Amino acid sequence: MDAILHADEEAGRDYARVRDAIRYLVAHAGEQPQLADVAAALCLSESRLQRLFSRWAGVSPKRFIQQLTCEAAKARLAAGAPLLPLSHELGLSGSSRLHDLFVTLEAMTPGEYQQGGAGLDIVWSVEPSRFGPVLLAQTARGVCALQFLADDDEAEAWLRAQWPRAALRHLPGQARALCGRLFDPLSEADGSPLALRVQGSNFQIQVWRALLAVPYGGLLSYGQLAEKMGRPGAARAVGNAVGANPVAWLIPCHRVIRAEGALGGYRWGEERKLDLIGWESARLSREEATA
């Protein structure tokens, strides 16, 4: 147990270091900072920063920042969302493969929604991930929440607010294996579909289903997402539904940015949104280069 706790703490420190490195790179992008500049700002050796960053992102800090410029984002928006080869979609591209999970989304019944989750049994825990601590909550019919939350007290308060009449069971560590599968696309996985069981209005469910169709590493604007849904004049309403997403990462609301290339808001912080986009982009770039 002590070894697991130590590993979790070290993973949290590594994420904080990488986050700070990304923050520095973005703030000084116009100056084209060198590895030595970033290492000095973080009080790390150049070799350690290079190893840590490359292990986390799969590319060097210099290559990572190239994926994150506003101009690059605008170019990707104009080109449309990239499509991975079918072998990548199916997880068949070899040992260095991206596992894009098959995700199914089911809405809770109107009764469950209106009654505050009465009769629902929700098992939850806060697990470490490469992007910081996450709340993972599941019902018998699927994952109902994935939130970037810092601790158990914050997580339970959020769950109580969402499902005041549900039976909540806190089982620390119960979702550790699942969390590893979700946040490590280079790990071996069984490829079985992952079910999501969420509550929301009909319009919100439509938006979340549309988000599931945005491929790994893809970007689109709020207006483009509205057009894909056949609602070209509803960009603002679509944006509100994107912001209400209860399942981070799996329903990839981080892949929606503003038309001019700016990040736009993110309920778990713009820095984390930048981390998610940059990490996906870097991984995709590396996979394409390998292919």
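Residues numbered from 1 in each chain as written. Predicted model: local features only at pLDDT ≥ 70, side-chain atom pairs only at ≥ 80, totals over all residues. Heavy atoms only, no water.

### Considering the overall build of the protein
What the protein contains, in helices and strands, is 13 helices and 8 strands. Taking all contacts inside the protein whose residues are at least 6 apart in sequence as the whole, residues at least 24 apart take part in 67%. A total of about 13600 Å² of accessible surface is found on the protein, and carbon and sulfur atoms cover 53% of it. (Helix = DSSP H or I, 4+ residues; strand = E, 2+ residues; numbered from the N terminus. Contact = heavy atoms within 4.5 Å. Areas by Shrake-Rupley, 256 points an atom, 1.4 Å probe, with all protein chains shown as cover.)

### Remarks on the pairing of strand β2 (residues 121–127)
A large share of β2 lies buried, amounting to 6 of its 7 residues. Inspection of the sheet shows β2 paired to strand β3 (residues 134–139) by 5 bridges, in the antiparallel sense. Counterpart to E127 in the pairing with β3 is V134. Linking β2 to β3, which pair antiparallel, is a turn of 6 residues; within it G132 sits at a positive phi near 105 degrees. (Buried < 20%, exposed > 50% of the residue type's maximum accessible area, 1.4 Å probe, protein only. Pairing = 2+ DSSP bridges.)

### So, the confidence of the model for the protein
Close inspection of predicted coordinates is inappropriate for parts of the model with low pLDDT. On average, residues of the protein score 79 in pLDDT, and 77% of them reach the 70 mark or higher. Contacts from residues 81–100, a stretch scored under 50 in pLDDT, to residues over four places away or in other chains number 46 contacts. (pLDDT = per-residue confidence, 0-100.)

### Brief notes about the packing of helix α10 (residues 202–212) against helix α12 (residues 235–243)
Relative to each other, α10 and α12 sit at 80 degrees, their axes nearing to 9 Å. Judged by the inter-axis angle, α10 sits roughly perpendicular to α12. Packed against α10, whose contacting residues are F203, Q204, V207, W208 and L211, the element α12 presents A237, V238, A241 and V242 at the interface. Residues that form the contact of α10 with α12 fall into these classes: 8 nonpolar, 1 polar and no charged. (Axes fitted to C-alpha atoms, helices over the stretch in contact; angles between N-to-C directions. Parallel < 35°, antiparallel > 145°, perpendicular 65-115°, else oblique. Nonpolar A, V, L, I, M, F, W, Y, C, P; charged D, E, K, R; others polar.)

### A word on α10
Taken together, the buried positions of α10 are occupied by F203, I205, V207, W208, A210 and L211. Those residues of α10 that are buried lie in contact with β1 (103–107), β6 (194–198), α11 (222–228), α12 and β8 (256–257).

### Side note on the pattern of salt bridges
In this structure the tally under the stated criterion is 11 salt bridges. Here R17 and D14 are joined by a salt bridge, their closest N and O atoms 3.0 Å apart. With R17 and D14 both in helix α1 (residues 2–27) and 3 residues apart, this pair spans about one turn of that helix. A relative accessible area of 13% means that D14 is categorised as buried. (Salt bridge = Lys/Arg side-chain N within 4 Å of Asp/Glu carboxyl O.)

### Structural notes on the packing of aromatic side chains
If you walk through the whole model with that rule in mind, you get 6 aromatic pairs. Judged by centre distance (5.5 Å) and plane angle (40 degrees), the rings of F131 and W249 are tilted. Note that F131 is positioned in the loop between β2 and β3 and W249 in the loop between α12 and β8, a separation of 118 residues in sequence. The burial state of F131 is the same as that of W249; both residues are buried. Their ring planes at 75 degrees and their centres at 5.9 Å tell us that F148 and W268 sit as a pair that is edge-to-face. Here W268 lies in the loop between β8 and α13 (270–290) and F148 lies in the loop between β4 (142–147) and α8 (152–162), a separation of 120 residues in the sequence. Neither F148 nor W268 differs from the other in exposure class; each is buried. Three or more aromatic residues joined by ring pairs form one cluster here, namely F131, W249 and W279. (Phe/Tyr/Trp six-rings, centres within 6.5 Å; stacked < 30°, edge-to-face > 60°.)

### A short note on a negative patch on the surface
A contiguous patch of negative charge on the surface is contributed by D151, D152, D153 and E154. Turning to its location among the elements, D151 is positioned in the loop between β4 and α8. For D151, a relative accessible area of 36% corresponds to the partly exposed category. (Patch = residues over 30% accessible without salt bridge, like charges linked within 9 Å, V, L, I, M, F, W, Y side chains within 5 Å. Lys, Arg positive; Asp, Glu negative; His and termini not counted. Charge placed at Lys NZ, Arg CZ, Asp CG, Glu CD.)

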